[in-house]
Amino acid sequence: MSFEWPWQYNFPPFFTLQPNVDTRQKQLAAWCSLVLSYCRHRKLYTLDVMEAQESPVFNNKKIARKLSMEAIQVVFEELRKKGNLEWMDKNKTRCLVMWRRPEEWGKLIYQWVSKNGMVNSVFTLYELSNGDDTENEEFHGLEEWMLLRSLQALQTEGKAEIITMDDGKGVKFF
Amino acid sequence: MHRRGVGAGAIAKKKLAEAKYRERGTVLAEDQIAQMSKQLETFKTHLEEFASKHKQEIRKNSQFRVQFQEMCATIGVDPLASGKGFWSEMLGVGDFYYELGVQIIEVCLALKHRNGGLITLDELHQRVLKGRGKFAQDVSQDDLVRAIKKLKAMGNGFGMIPVGGSYLVQSVPAELNMDHTVVLQLAEKKGYVTVMEIKDSLKWERERACHVLDHLLKEGLAWLDSQADGEPQYWLPALFSELSSRDVTPEEANQMTP
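In this numbering scheme, every chain counts its residues from 1 along its sequence in written order. The order in which chains are written sets their letters, starting at A; the order in which ligands are written sets their numbers, starting at 1. Totals for whole chains, interfaces and linings use all residues, but because this is a predicted model, local features are given only for residues with pLDDT of at least 70 and pairs of side-chain atoms are given and counted only at 80 or more. The side-chain quantities take in all heavy atoms of the structure and omit both hydrogens and water.

By the naming in an unreviewed UniProt entry, chain B is Vacuolar-sorting protein SNF8, taken from Chanos chanos. Taken directly from UniProt, the Subunit (unreviewed entry) text for chain B runs: "Component of the endosomal sorting complex required for transport II (ESCRT-II)." UniProt positions are given in the numbering used here, feature names are shortened, and annotations may be inferred rather than shown by experiment. Recorded in UniProt for chain B, the comment headed Function (unreviewed entry) runs: "Component of the endosomal sorting complex required for transport II (ESCRT-II), which is required for multivesicular body (MVB) formation and sorting of endosomal cargo proteins into MVBs."

The name recorded for chain A in an unreviewed UniProt entry is Vacuolar protein-sorting-associated protein 25, from Chanos chanos. Taken directly from UniProt, the Sequence similarities (unreviewed entry) text for chain A runs: "Belongs to the VPS25 family." Chain A has a UniProt comment under Subcellular location (unreviewed entry) that states "Cytoplasm".

Caption draft 1: Geometry of the overall build of chain A. A tally of helices and strands in chain A yields 6 helices and 8 strands. Residue burial is assigned from relative accessible area. The probe radius is 1.4 Å, only protein chains are included, and a residue is buried under 20% of its type maximum, exposed over 50%, and partly exposed in between. Here chain A, with 174 residues, has 47% of them falling under the buried criterion. When the accessible area of chain A is evaluated, it comes to approximately 9100 Å², of which 47% is carbon and sulfur surface. Both charge centroids of chain A, one from 23 positive and one from 24 negative side chains, sit 8 Å from each other. Strands are runs of DSSP state E lasting at least two residues, helices are runs of H or I lasting at least four, and both sets are numbered from the N terminus onward. Areas reported as accessible are Shrake-Rupley estimates using a 1.4 Å probe. Residue values count occlusion only from the protein chains shown. For the charge count, each Lys or Arg is scored as positive and each Asp or Glu as negative, with His and the chain ends excluded. Lys charges are placed at NZ, Arg charges at CZ, Asp charges at CG and Glu charges at CD.

Caption draft 2: Structural detail: the overall build of chain B. Looking only at helices and strands, one finds 11 helices and 6 strands in chain B. Counted over contacts in chain B with a minimum sequence separation of 6, partners at least 24 positions apart contribute 57%. Carbon and sulfur atoms make up 54% of the accessible area of chain B, which amounts to about 15900 Å² in all. Every residue pair with non-hydrogen atoms within 4.5 Å of one another is taken to be in contact.

Caption draft 3: Inspection of unusual backbone geometry at higher detail. Residues and elements named next belong to chain A. Positioned with a positive phi, Lys43 is a non-glycine residue whose angle comes to about 50°. Overall, the relative accessible area of 41% leaves Lys43 in the partly exposed class. Phi angles above zero are rare outside glycine, and Asn120 is one such case at about 85°. Mapped onto the secondary structure, Asn120 falls in the loop between helix H4 (102–115) and strand E6 (122–124).

Caption draft 4: Here's a closer look at the packing of aromatic side chains. All names here are of chain A. Only the six-membered ring of Trp is used, alongside the rings of Phe and Tyr, when aromatic pairs are assigned; centres must lie within 6.5 Å, and planes under 30 degrees apart are stacked while those over 60 apart are edge-to-face, with the rest tilted. A full pass over the atoms with the stated rule returns 24 aromatic pairs over all chains. The interplanar angle of 5° and the centroid separation of 4.3 Å between the aromatic rings of Phe14 and Trp31 together place this pair among those described as stacked. Taken as a pair, Phe14 in the segment before helix H1 (21–42) and Trp31 in helix H1 lie far apart in primary sequence, 17 residues in all. Like Phe14, the residue Trp31 is buried in the burial classification.

Caption draft 5: Representation of the domain arrangement of chain A in the model. All names here are of chain A. Reported domain spans reflect what an automatic or database domain assignment gives. According to the domain assignment, chain A consists of domain 1 (7–97) and domain 2 (102–173). Computed from C-alpha atoms alone, the centre-to-centre distance between domain 1 and domain 2 is 30 Å. Taken together, the 5 residues of domain 1 in the interface contact 7 residues of domain 2. Values labelled buried area give the accessible surface lost by two parts on being combined, using a 1.4 Å probe and summing over both. Together domain 1 and domain 2 conceal approximately 550 Å² of surface at their shared face, both sides included; 52% is due to carbon and sulfur atoms.

Caption draft 6: View of the sheet that holds strand E3 (residues 166–170) of chain B. All names here are of chain B. The pairing criterion for strands is at least two bridges between them, as found by DSSP. Overall, antiparallel pairing links the 3 strands, which are arranged E1-E3-E2 in an open sheet. Only two strands of the sheet have a single partner each, and these edge strands are strand E1 (118–120) and strand E2 (159–163). Geometrically, the sheet is characterised by an average inter-axis angle of 30° between neighbouring strands, direction not taken into account. In the sheet, E1 pairs with E3 via 3 bridges, with the strands oriented antiparallel. Counterpart to Thr120 in the pairing with E3 is Leu168. Contacts from helix H7 (residues 141–153) reach E2 and E3, with the element oriented near 135° to E2. Here, axes are lines fitted to C-alpha atoms. For helices the fit covers the stretch in contact, and angles between N-to-C directions go from 0 to 180 degrees.

Caption draft 7: Spotlight on the pairing of strand E8 (residues 168–173) of chain A. All names here are of chain A. In this structure, E6 lies alongside E8, joined through 3 bridges in antiparallel fashion. In the sheet register, Thr124 faces E8, and the bridge partner there is Gly170. Adjacent in sequence and paired antiparallel, strand E7 (residues 160–165) and E8 are bridged by 2 residues.

Caption draft 8: Representation of helix H3 (residues 62–74) of chain B in the model. Expected span of a helix, by definition, is 1.5 Å for each gap between consecutive residues, and there is one gap fewer than residues. Compared with an ideal rise of 1.5 Å per residue, which puts 13 residues at 18 Å, H3 of chain B spans 19 Å between its outermost C-alpha atoms and is within 8% of the ideal. Inspection of H3 of chain B places Ser62, Phe64, Arg65, Val66, Phe68, Gln69 and Cys72 of chain B among the buried residues, and these make up the whole buried set.

Caption draft 9: Representation of the pattern of salt bridges. We define a salt bridge as a side-chain nitrogen of Lys or Arg found within 4 Å of a carboxyl oxygen belonging to Asp or Glu. Enumeration over the complete set of coordinates arrives at 14 salt bridges over all chains. Across the salt bridge formed by Asp225 of chain B and Arg65 of chain A, the nearest N and O atoms sit 2.7 Å from each other. Here Asp225 of chain B, found in strand E5 (residues 223–225), pairs with Arg65 of chain A, found in strand E3 (residues 65–66), and the two come from separate chains. When its relative accessible area of 10% is taken as the criterion, Arg65 of chain A is described as buried.

Caption draft 10: Representation of the side chain of Thr120 of chain B. All names here are of chain B. If you trace the backbone, Thr120 turns up in strand E1. A distance of 3.1 Å separates a polar side-chain atom of Thr120 from the backbone nitrogen of Glu123. Apart from the residues within four sequence positions on either side, Thr120 is in contact with Tyr167, Leu168, Ala238 and Leu239. In protein, a polar contact means a hydrogen-donor-capable atom and an acceptor-capable atom, both N or O and within 3.5 Å, with residues adjacent in sequence counting only if both atoms are side-chain atoms; elsewhere, any N or O pair within 3.5 Å suffices.

Caption draft 11: Local environment of helix H3 (residues 69–81) of chain A. All names here are of chain A. Compared with the 18 Å implied by 1.5 Å per residue over 13 residues, the 18 Å span of H3 between its first and last C-alpha is a close match. Buried residues of H3: Ala71, Ile72, Val75, Phe76 and Leu79, and no others. Projected down its long axis, H3 carries its buried residues within an arc of 140°, all on one side. For H3, exposure combined with an orientation more than 90 degrees from the buried face picks out Glu70 and Lys81. Each C-beta atom gives one direction from the helix axis, and the arc is the one those directions make.

Structure, rendered in structure tokens:
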């Protein structure tokens, strides 16, 4: 399914950081939405800032407009404040993009587990993210760091317990 | 030849003559007015008869409605006058425009965050029709214009700016003076405008052009594009043609600042 760009994407000023405060607020909200939707669509969990500049999200070749490095950083900072982004390094060259927050993933995973009557079973992390049984689930292909965080969220809620096994980690659901 | 008197006596005489003329004029005018009132009454009665006879058509047919409205206007009858009375009760015409007014407000509110409260009459028309569905009464642009005029009279912050043969409908009380209006008209062709273009077309000083553009930015009616070839361009979402076909997505709805 091809990605549906929002109307702002073909609107040239969208790629210029707006001087008017209220307009800028709307603009940044739209950018945050766009980045998250795009990452969700492409199942991207990390972004490299340098590469991002050339990615279609920030660079619309059709209208010859691209977001400046400075503006990209502003958008990323907004996402960070909203809890959807985390920097992987001090220099802010790579970041984790959480188009779904760990709690939300945890909920989805738990729903699948209970729907299939598998509460009290033990799973390896691999089974959850890459197993045949989960192929049709949204969390299939979830990267390990994200999966772990989601399970940690469930753990805090008392719905799961992460266990260390011989060859890696596993989880038991309650 | 006697010299015309300019003393106090002459002035008094003049005043008396003027008073006499005025009185005569008043008498004449009163006569005429009485005659005209009678004629108007006749017109009104005929119009009322006409209206009841063609009630259905007036409701269904927007072309007919235009002509009917124009007839009313020529004798100073306003079928949209609020409150009870022959017109609103007989035809329910008042209801039709009242409801249309509400619809217009809804459409404008829903899109305000995108276009700052400025929308083309075309887009407004499209969206109102869409909202009414297939089996609803036909609504013409003339209907919209009348409904908007009513809204304006009620002090809802509505206004209409003539651009490129049609109108831009303003639904927020942003202060737009003649300078702003004329720049909007200039921007209508391409959806954007630059300082140079304003200076060339309108022969203004740079400062005046910048002042207007700054105001449009401030009111959220224009966005700045600094990556254009040459100088910065000021784009108006209201004139961005691609916008008119797009619905408000759930994501966009979530972004709307109250």
